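# Structure assessment
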Amino acid sequence: MLRRYVEQLLELYNYVDGIIVTDKEGYIEYYAVFRSDMNSMKEREVYRKHIFEIYTNLTEESSSIMQVLRTGEPISNRYQILQTCKGHSISAVNTTMPIKDRDEIIGAVEVSRYVDSEYERKNISLSLRENVDQKKLYVLDDIITNSASMELVKSRIPMIADTDSSVLIYGETGTGKELVAQSIHTCSSRRNKRFVSQNCAAIPENLLESILFGTTKGSYTGAENKPGLFEIADGGTLFLDEINSMEIGVQAKILKAIEEKQVTRIGGYNPMKIDVKIVTAVNEDPIKCVEESKLREDLFYRLSVVQLNIPPLRDRLGDLFYLVDHFINYFNQQMHKNILGISEQVEEIFRGYNWPGNVREVRNTIEGAFNLASSRFLQPHDLPEYLINAIKRVGGGQPYGEKMPFGVGMAPVSAPPVAVSPTGTGTLFDSDSSFPSDFSLEKALMEYEKSLILKSIENTNSLVKAAAQLGLSKQALYYKMKKYGIEK
């Protein structure tokens, strides 16, 4: 979250030499300098130190950061002379703003422009960029995952972001291909330039060429001088989704544009140089697309200099409840609700479902359930009917409105196959003993479940890790702890 806030500031402001983010007490959480000739301090030297330890001449009254933390009001373009703990003097024009979580001030951020003399500051202001695209793009931290396969994808994004090599993303519909494409852009030095996205399947074939390459007035009836997506994305990133849906003839022209790094508008004669990072995506196996002539072989090799494969959600079910938690938190904020999580029944339904729509389907399911929810936990009757019917077909028609037996669909947990007694001192039965008089299967399963939860919490010393070990969502673990009277 903090990294994303900083990236947005760097995109918004016209020129920045330094940036500081502090917590609500004035301790530094983030520190970056882009003029090492005027300020040689590094983040590792100042991280978690108080602002007064870094700038020794500041006081509660003279520090713009402390003033903003105290009042909650932003300060724009204040000139300050700062004495560093290294004995250097820095003249800077600073703009300082509070960071708020709802109405609570949780920190402050200050962006600085360094100046060589007091007179120079008269012509300097930290102003917003003109015509800046206000759309918030995804960053690397927005990729929510707990799986090794997706962590591998995340680890590769910063490695490939700052090269000019083309990237081909392969993933089923709904896996998050655009999220990955935007993260490549925001991780790169092109992040202050445009990110242009186009779904090739959404455009009629006869219009796609003009949209990509632009038009010249008079080239056909109604045509005007208009730039294409390649021109618009110049200096930035062009993302072409579902390129396997594009007509073969247009694919040949894209290949030519990429190879020559120039485009010519339809009806025009003057080629224009372009500097664009090309990111494309397919929702089918690219080799199969080539074999079925949906994708030109030469274009495939040009586009897949780097290839990222996004696994479907069914192959990384460990991510499912991380995503559920994320979307519950997101829609709580968007809809001003306070849903605590999903019920045990919903958890079991989610485990048994195949999620053909992947992450997008999870998001839409949670959003739909939020519209219907009448309790603090999402219930089966809040889910779409098609999802319930799919589970009934797989599960033989068992109604999910009633409590399911414990253990359906749960991830395996290493534990001895014995039932723990209510006192916790032994087993309810073993191979050489008869059933106790108060024995019941439901009671034995509940005691066993409680013992596994207690053991996991004791072993991990963390509720988050315990939930992951047990194969539960965080909310589901809290629900079960409350059920069994286990204190946090």
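Everything below is about the structure shown above.
Quick summary incoming for the structure in this document. (Residues numbered from 1 in each chain as written. Predicted model: local features only at pLDDT ≥ 70, side-chain atom pairs only at ≥ 80, totals over all residues. Heavy atoms only, no water.)

## A word on helix α6 (residues 177–186)
Here α6 lies mainly inside the structure; nine of its 10 residues are buried. Those residues of α6 lying buried are Lys177, Leu179, Val180, Ala181, Gln182, Ser183, Ile184, His185 and Thr186. (Buried < 20%, exposed > 50% of the residue type's maximum accessible area, 1.4 Å probe, protein only. Helix = DSSP H or I, 4+ residues; strand = E, 2+ residues; numbered from the N terminus.)

## What about the nonpolar core?
Core analysis: the largest hydrophobic core is formed by 30 residues, its most contacted members being Leu212, Phe230, Leu238, Ile243, Met246 and Ile254. The set of elements that each furnish at least two residues to this core consists of α7 (205–213), α8 (229–232), β10 (237–241), α9 (248–260), β13 (277–282), α10 (286–291) and α11 (297–303). In terms of residues, this core owes the most to one element, α9, which gives five residues. The residues contacting isoleucine 254, other than those within four sequence positions of it, are Leu212, Phe213, Phe230, Leu240, Met246 and Leu299. Within the second largest apolar cluster, 27 residues are counted, among which are Leu323, Ile366, Leu378 and Ile391. (Core = buried A, V, L, I, M, F, W, Y, C linked by side-chain atoms within 4.5 Å. Contact = heavy atoms within 4.5 Å.)

## Looking at the sheet that holds β13
Pairing is parallel in the open sheet, where five strands are placed in the order β7-β10-β13-β6-β14. Sheet topology places β7 (195–199) and β14 (306–309) at the edges, where each strand pairs with a single neighbour. Recorded for the sheet is a direction-independent mean angle of 15° between the axes of neighbouring strands. For strand β6 (residues 167–170) and β14, the ladder comprises four bridges, and the chain directions are parallel. Directly across from tyrosine 170, in β14, lies its bridge partner asparagine 309. Each of β6, β13 and β14 is contacted by helix α5 (residues 148–161), which is oriented at about 155° to β14, the strand it contacts most. (Pairing = 2+ DSSP bridges. Axes fitted to C-alpha atoms, helices over the stretch in contact; angles between N-to-C directions.)

## Overview of the sheet that holds strand β4 (residues 89–101)
To summarise the sheet geometry, strands pair through backbone hydrogen bonds and adopt either a parallel or an antiparallel arrangement. The strand order β2-β1-β5-β4-β3 describes an open sheet built from five strands, whose pairing is antiparallel. The outermost strands of the open sheet, each flanked by one partner alone, are β2 (28–33) and β3 (75–83). Adjacent strand axes in the sheet meet at a mean angle of 25°, parallel and antiparallel pairs treated alike. Relative to the sheet, helix α4 (residues 64–71) contacts β1 (18–23), β3, β4 and β5 (104–114), its axis offset from that of β5 by approximately 150°.

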